[in-house]
Amino acid sequence: MKTTIIMMIFCLVLTNASSNRITEKKDEDPKPKPWPEQFHSVLVINNTKKNELQVTDLWYDWPNGRNLNLIQKQLGKLLYDVEWNNGTSYYYTLDATSECRTVLFDVGILRPNWLEGATYLGQQHMDGFLCNVWQKVDFLWYYEDVVTRRPVYWLFYTGRAVHVITFEEGAVLEDSQWQAPVYCFNKKEEKEEQQQIDGYPHQFLRDIMPLVFT
Ligand SMILES: *[C@@H]1O[C@H](CO)[C@@H](O)[C@H](O)[C@H]1NC(C)=O
Ligand SMILES: *[C@@H]1O[C@H](CO)[C@@H](O)[C@H](O)[C@H]1NC(C)=O
């Protein structure tokens with residue numbers, strides 16, 4: 001009798017412990033890996049609504065407060081988009097057209113932890129990789145490789161689909177490459193208005209500005 005009671009208590013404790021573990025596991029959904037402070041990535045971007053393709057070299061450099069997108073539109077121009085954390089963005093070409101627009105935003109560049117607080121949606125295959133998928137509010141879906149935890153793909157609700165082709169952690173672009181050309185400096189800055197273009201959240205405005213230029 002005594003042993004039976006002891007056994008029952010033991011079993012109760014065991015059941016309790018294992019059910020605890022299950023609830024804990026539920027609370028611990030995977031979190032997206034923060035971006036490395038410096039990296040270089042080649043991105044293939046499909047503007048799926050317009051069916052336009054571009055290849056972008058992204059140089060993210062958080063310690064130096066800067067972010068560069070080198071945007072090559074398919075059979076089109078090569079556009080530089082240099083974004084500084086103080087809010088200034090330079091958009092320019094280095095060809096004979098010597099175009100430049102300087103825009104002042106009231107937000108900095110994306111922080112390495114910009115995905116914090118995203119909602120976990122489970123696992124899905126994307127571009128042939130098994131990925132964890134998160135949704136950031138209502139405007140972005142982010143796919144991260146389950147094994148390597150590198151980003152594979154993200155999609156803006158506007159239909160801009162970004163495929164990550166290379167992801168070199170720690171790669172840094174040399175200083176001279178960040179210097180906007182002289183013709184950027186002899187006209188006045190445009191002040192970007194507070195309202196959102198196309199319903200875009202403000203911190204992504206800088207990222208879509210180049211698409212506004214033709
Ligand atoms: C780009 O997106 C469109 C629309 O979803 C699709 O039809 C097309 O195949 C895509 N292009 C590439 C190269 O993936
Ligand atoms: C921000 O930094 C860049 C690069 O140093 C500079 O060219 C620009 O004038 C600065 N903008 C402001 C508003 O201070």
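Residues numbered from 1 in each chain as written. Chains lettered and ligands numbered in written order. Predicted model: local features only at pLDDT ≥ 70, side-chain atom pairs only at ≥ 80, totals over all residues.

- An unreviewed UniProt entry lists the chain under the name Transferring glycosyl group transferase, from Chenopodium quinoa.

## Observations regarding the overall build of the chain
Here's step 1: A tally of regular secondary structure across the chain gives 2 helices and 12 strands.
Here's step 2: Element order for the chain, N to C, with α for helix and β for strand: α-β-β-β-β-β-β-β-β-β-β-β-β-α.
Here's step 3: Here the chain, with 214 residues, has 22% of them falling under the buried criterion. (Helix = DSSP H or I, 4+ residues; strand = E, 2+ residues; numbered from the N terminus. Buried ≥ 20, exposed ≤ 12 C-beta atoms within 10 Å, placed from the backbone.)

## Description of the site of ligand 1
Here's step 1: Close to ligand 1 lie N46, T48, N51 and L53, which account for all nearby residues.
Here's step 2: A class-by-class count of the residues in the shell around ligand 1 yields 1 nonpolar, 3 polar and no charged. (Near = placed C-beta within 6 Å. Nonpolar A, V, L, I, M, F, W, Y, C, P; charged D, E, K, R; others polar.)

## Some details on the nonpolar core
Here's step 1: Ranked by internal contacts, the top residues of the largest apolar core, which has 28 residues, are Y142, Y143, Y153, W154 and V162.
Here's step 2: Among the elements that take part in this core, strand β10 (residues 151–156) stands out by supplying 5 residues, more than any other.
Here's step 3: Sequence-distant contacts of Y153, defined by excluding residues within four places in its chain, comprise M126, D127, Y143, V162, H163 and V164. (Core = buried A, V, L, I, M, F, W, Y, C linked by C-beta atoms within 7 Å. Contact = placed C-beta atoms within 7 Å.)

## Regarding the environment of Y157
Here's step 1: Looking at the element boundaries, Y157 is found in the loop between β10 and β11 (160–169).
Here's step 2: C-beta crowding within 10 Å serves as the criterion here: with 15 such atoms nearby, Y157 is assigned to the partly exposed category.
Here's step 3: Along the chain, Y157 and L140 lie 17 residues apart, while their C-alpha atoms are 6.0 Å from each other.
Here's step 4: Ignoring anything within four residues of it in the chain, the contact list for Y157 reads D138 and F139.

## Details of the pairing of β10
Here's step 1: The buried fraction of β10 is high, at 6 of 6 residues.
Here's step 2: Note that strand β9 (residues 140–145) and β10 share 5 bridges and pair antiparallel. Paired with Y143 across the bridge in β10 is Y153.
Here's step 3: Linking β9 to β10, which pair antiparallel, is a turn of 5 residues; within it R149 sits at a positive phi near 65 degrees.
Here's step 4: Direction of pairing for β10 relative to β11: antiparallel, over a ladder of 3 bridges. (Pairing = 2+ DSSP bridges.)

## Some thoughts on the site of ligand 2
Here's step 1: Neighbouring ligand 2 are W84, N86, G87, T88 and L104.
Here's step 2: Among the residues forming the shell around ligand 2, the class breakdown is 2 nonpolar, 3 polar and no charged.

## Focus on the environment of C100
Here's step 1: Locating C100 in the fold gives a position in strand β6 (residues 100–104).
Here's step 2: Every residue in contact with C100, bar those within four places of it in the chain, is listed here: Y90, Y91, Y92, A180, P181, Y183 and C184.

## Quick word on unusual backbone geometry
Here's step 1: The residue N51 is not glycine, and still its phi comes out positive at about 55 degrees.
Here's step 2: Classification of N51 by C-beta neighbours within 10 Å gives exposed; the count is 8.
Here's step 3: Of note in the backbone geometry, R149 takes a positive phi value of approximately 65 degrees without being a glycine.

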